[in-house]
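Structural features, examined
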Amino acid sequence: MNKLKWWFRIVGAFYLLLTSMNVYFLFFGGIQMLADTLPAPMNADPLAGQAFADAWLVFVFELGVLGVMSLVAARDPAQNRIMAWVIILAEIFRGIVADAIWIARGYDAGSYIGFIVVHLILVLTGFVFLRQTKAE
């Protein structure tokens, strides 16, 4: 159970770090940097960049909520295993599957493969620690 507690804490802190970094970029001048990640010809269209930033904000808010709730779940990981499943499934679908679709649609494979690796690490460690907690 201790491993799952630390997994919740690490994931929660990581998500909150990502949330704060993204909020900074979205509200303090980083929209162009985000727009530059779009595949051509969308990266040259300011409206496409703004639309992507607006949609990205939903993802950022989700990360923040999951980060806070992960820290709350760390208080009693055995009673909050469902929260680990929520994070694992979000990492699979919002993370791995979505990044693979973006790569297929022309987004930079180099950066998104790196994100897929991070998603896989979170999924695999979460699953292993969940199984260990259930066995206890």
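Residues numbered from 1 in each chain as written. Predicted model: local features only at pLDDT ≥ 70, side-chain atom pairs only at ≥ 80, totals over all residues. Heavy atoms only, no water.

What follows covers the overall build of the protein chain. Per the secondary structure count, the protein chain includes 5 helices and 0 strands. Beginning at the N terminus, the succession of helices and strands in the protein chain can be written as α-α-α-α-α. For the protein chain, the C-alpha atoms occupy an extent of roughly 55 × 30 × 15 Å along the three principal directions. Expressed as a percentage of its 136 residues, the buried residues of the protein chain come to 36%. Sequence separation of 24 or more characterises 72% of the internal contacts of the protein chain that already satisfy a separation of 6 or more. Of the roughly 8,000 Å² that the protein chain leaves accessible, carbon and sulfur atoms contribute 72%. (Helix = DSSP H or I, 4+ residues; strand = E, 2+ residues; numbered from the N terminus. Buried < 20%, exposed > 50% of the residue type's maximum accessible area, 1.4 Å probe, protein only. Contact = heavy atoms within 4.5 Å. Areas by Shrake-Rupley, 256 points an atom, 1.4 Å probe, with all protein chains shown as cover.)

Moving on, we get to the side chain of His-119. Examined against the element boundaries, His-119 turns out to sit in helix H5 (residues 109-135). Within the structure, the side chain of His-119 is placed 3.1 Å from the side chain of Asp-99, a separation counted as a polar contact. If we skip the residues at most four places from it in the chain, His-119 touches Glu-91, Arg-94, Gly-95, Ile-96 and Asp-99. (Polar contact = N/O pair within 3.5 Å; in protein donor to acceptor, adjacent residues only side chain to side chain.)

This part is about the environment of Gly-126. Looking at the element boundaries, Gly-126 is found in helix H5. Look at Gly-126 and you get buried, because its relative accessible area is 0%. C-alpha separation for the pair Gly-126 and Tyr-107, spaced 19 residues apart in sequence, amounts to 28 Å. Leave out the neighbours within four places in its chain, and Gly-126 touches Trp-7 and Ile-88.

Taken as a whole and judged by the stated rule, the model has 14 aromatic pairs. Here Tyr-107 and Tyr-112 contribute two aromatic rings whose centre-to-centre distance is 6.1 Å and whose plane-to-plane angle is 90 degrees, an arrangement assigned as edge-to-face. For the residue pair Tyr-107 and Tyr-112, the accessibility class agrees, reading buried in each case. Plain terms: the ring middles of Tyr-112 and Phe-115 are 5.7 Å apart, the flat faces sit at 50 degrees to each other, and that makes the pair tilted. Of the two residues, Tyr-112 and Phe-115 are both situated in helix H5; the distance of 3 residues between them amounts to about one turn of the helix. Among the aromatic side chains, those forming a connected cluster through ring pairs are Phe-52, Trp-56, Phe-59, Trp-102, Tyr-107, Tyr-112 and Phe-115. Its guanidinium or amino end placed over the ring of Trp-6, Arg-9 lies 4.6 Å from that ring's centre, counting from NZ or CZ. (Phe/Tyr/Trp six-rings, centres within 6.5 Å; stacked < 30°, edge-to-face > 60°. Lys NZ or Arg CZ within 6 Å of the ring centre and 35° of its normal.)

Together, Ile-82, Trp-85, Val-86, Leu-89, Phe-93, Val-97, Ile-101, Phe-127 and Val-128 give the surface a local cluster of nonpolar side chains, amounting to about 800 Å² of exposed area. Counting residues per element, the ones that place at least two in the nonpolar patch are helix H4 (81-104) and H5. Broken down by element, the residue count for the nonpolar patch peaks at 7 residues, all from H4. Tracing the chain through its elements places Phe-93 in helix H4. (Patch = residues over 30% accessible without salt bridge, like charges linked within 9 Å, V, L, I, M, F, W, Y side chains within 5 Å. Salt bridge = Lys/Arg side-chain N within 4 Å of Asp/Glu carboxyl O.)

Any functional reading would require information beyond the geometric quantities listed.
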